[in-house]
Amino acid sequence: MFESVNPPRVSRRKQIITVIGSTLAHATIVGLVLLVPLLYLAEELPTPPDMLAFVVATPPPPPPPPPPPATQRRAECQNGQSSLSSRNSAKGALKAAQLAESPAASPEASP
């Protein structure tokens, strides 16, 4: 008597297969409805406009920093004399003067 209002239950496996099949069928139909006009009705897609309004040329790089000021040591090196060689020559001249003044170095002091 109540079979037309409350039918007997169908197995759970048949329900899952029905839901998956229905979902795939609907997804296929919706995909075709959206893709067919895009692919077949339009021969060529329009080219997108260039965005020149928002593109700015890169600024030029900043100028290099000025060279450091020349010091006395650099000035001597530029003249052809290094500070080390001028110090050594001054020491050598001092030693030569001391040897010339010492009595053992002179030939008259020898007996």
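Residues numbered from 1 in each chain as written. Predicted model: local features only at pLDDT ≥ 70, side-chain atom pairs only at ≥ 80, totals over all residues. Heavy atoms only, no water.

Looking at the overall build of the chain
Now for step 1: The secondary structure content of the chain amounts to 3 helices and 0 strands.
Now for step 2: Start at the N end of the chain and walk to the C end: the helices and strands fall as α-α-α.
Now for step 3: Going through the 111 residues of the chain one by one, you find that 2% of them count as buried.
Now for step 4: Counting only carbon and sulfur atoms, one obtains 67% of the accessible surface of the chain, whose full area is about 11,200 Å². (Helix = DSSP H or I, 4+ residues; strand = E, 2+ residues; numbered from the N terminus. Buried < 20%, exposed > 50% of the residue type's maximum accessible area, 1.4 Å probe, protein only. Areas by Shrake-Rupley, 256 points an atom, 1.4 Å probe, with all protein chains shown as cover.)

Notes on the confidence of the model for the chain
Now for step 1: Per-residue pLDDT for the chain averages 74, and the proportion of residues at 70 or more is 63%.
Now for step 2: By mean pLDDT, helix H2 (residues 72-78) is the weakest element of the chain at 57, and helix H1 (residues 12-41) is the strongest at 90. (pLDDT = per-residue confidence, 0-100.)

Quick word on a nonpolar patch on the surface
Now for step 1: A contiguous nonpolar surface patch, about 800 Å² in accessible area, is contributed by Leu32, Leu35, Val36, Leu38, Leu39, Tyr40 and Leu41.
Now for step 2: When its relative accessible area of 47% is taken as the criterion, Leu35 is described as partly exposed. (Patch = residues over 30% accessible without salt bridge, like charges linked within 9 Å, V, L, I, M, F, W, Y side chains within 5 Å. Salt bridge = Lys/Arg side-chain N within 4 Å of Asp/Glu carboxyl O.)

Section: H1
Now for step 1: Along its 30 residues, H1 runs 43 Å from first to last C-alpha, staying within 8% of the 44 Å computed at 1.5 Å per residue.
Now for step 2: Of all bends in H1, the biggest is about 35°, found at Leu35, and the proline Pro37 comes one to four residues later. (Expected span 1.5 Å × (residues − 1). Bend = angle between axes of the 7 residues up to and from the residue.)

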